[in-house]
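Structure assessment
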Amino acid sequence: MIDFIQDHENLLLGLAAISFLVFITSLLLIPWIVTKIPSDYFTHPKRQKYLWDDQPNILRYLFVFLKNVLGVMLVLGGFTLLFLPGQGIVTMMIGLLIMDFPYKYRVETWIIKHPVVLRSINRLRKKAKQPPLEI
């Protein structure tokens, strides 16, 4: 075991640095992102219209692509944060909120209805003086 650590010291230091950066970034960005979710986001029976629907197709597709890449990165980062220090479940939820995929709204609603998730998000919203999410 000690030989493995000594042989891969640079890799392990790099992984530790990345873990630390993701942890700090999640501590700073996740509360801000959670406060930007409208409090009535989950009360509508269907997903609301996109704000960028009136933009040219190329801009809309580029925006959706970049948004999905960011969402996948957050979901994967949140999964790793389940095993490392950080807010893994909340990070994964933010990633899912950002991405576009079929039946996304149903998945979001199913996740947010879990008391632990809803309590965590509403606690962050309360600290930012935002109204709690309505289900």
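Just so you know, these numbers come straight off a predicted model, no measurement behind them.

The next subject is the packing of helix 3 (residues 57-81) against helix 4 (residues 88-98). Packing of helix 3 against helix 4 brings their axes to within 7 Å, and their N-to-C directions diverge by 165 degrees. The pairing of helix 3 with helix 4 is recorded here as roughly antiparallel in orientation. Where helix 3 crosses over helix 4, the two elements pack in a sense that is left-handed. Of helix 4, the residues touching helix 3 (which contributes Lys67, Asn68, Leu70, Gly71, Leu74, Val75, Gly78, Phe79 and Leu81) are Gly88, Thr91, Met92, Ile94, Gly95, Leu96 and Ile98. Classifying every residue of the contact of helix 3 with helix 4 by side-chain character gives nine nonpolar, six polar and one charged.

Right, let's talk about the pattern of salt bridges for a bit. Tallying each qualifying case throughout the model produces three salt bridges. For the salt bridge of Lys67 with Asp100, the shortest nitrogen-to-oxygen distance reads 3.2 Å. Taken together, the positions of Lys67 in helix 3 and Asp100 in the loop between helix 4 and helix 5 (104-112) put the pair 33 residues apart, joining distant regions of the chain. Residue Lys67 shares its accessibility class with Asp100, and that shared class is buried. Across the pair Lys104 and Glu108 runs a salt bridge, and its minimum N-O distance is 3.4 Å. With Lys104 and Glu108 both in helix 5 and four residues apart, the pair spans about one turn of that helix. Note on accessibility: Lys104 and Glu108 belong to one class, buried. In the salt-bridge network here, residues are joined through shared partners; they are Lys67, Asp100, Lys104 and Glu108.

Before going further, it helps to examine the packing of aromatic side chains. Under the counting rule described, the total for this entry stands at two aromatic pairs. Residues Tyr41 and Phe42 carry aromatic rings whose centres are separated by 4.9 Å and whose planes lie at 85 degrees to one another, so their mutual orientation is edge-to-face. Given the relative accessible area of 17%, Tyr41 is considered buried. Three or more aromatic residues link up through ring pairs in this structure, and these residues are Tyr41, Phe42 and Tyr105. The ring of Tyr61 carries Arg60 above its face, with NZ or CZ at 5.9 Å from the centroid.

In this section: the environment of Ile89. With respect to the helices, strands and loops of the structure, Ile89 is situated in helix 4. The sequence separation of Ile89 and Asp54 amounts to 35 residues, and the corresponding C-alpha distance is 33 Å. Those residues in contact with Ile89 that lie beyond four places of it in its chain are Leu82 and Val117.

Take helix 2 (residues 9-35) next. Spanning 27 residues, helix 2 covers 39 Å between terminal C-alpha atoms, matching the ideal 39 Å at 1.5 Å per step. Bending of helix 2 peaks at approximately 30 degrees at the position of Ser26.

The rules behind the values
Residues numbered from 1 in each chain as written. Predicted model: local features only at pLDDT ≥ 70, side-chain atom pairs only at ≥ 80, totals over all residues. Heavy atoms only, no water. Axes fitted to C-alpha atoms, helices over the stretch in contact; angles between N-to-C directions. Helix = DSSP H or I, 4+ residues; strand = E, 2+ residues; numbered from the N terminus. Parallel < 35°, antiparallel > 145°, perpendicular 65-115°, else oblique. Left-handed = near helix turned anticlockwise from the far one by under 90°. Contact = heavy atoms within 4.5 Å. Nonpolar A, V, L, I, M, F, W, Y, C, P; charged D, E, K, R; others polar. Salt bridge = Lys/Arg side-chain N within 4 Å of Asp/Glu carboxyl O. Buried < 20%, exposed > 50% of the residue type's maximum accessible area, 1.4 Å probe, protein only. Phe/Tyr/Trp six-rings, centres within 6.5 Å; stacked < 30°, edge-to-face > 60°. Lys NZ or Arg CZ within 6 Å of the ring centre and 35° of its normal. Expected span 1.5 Å × (residues − 1). Bend = angle between axes of the 7 residues up to and from the residue.

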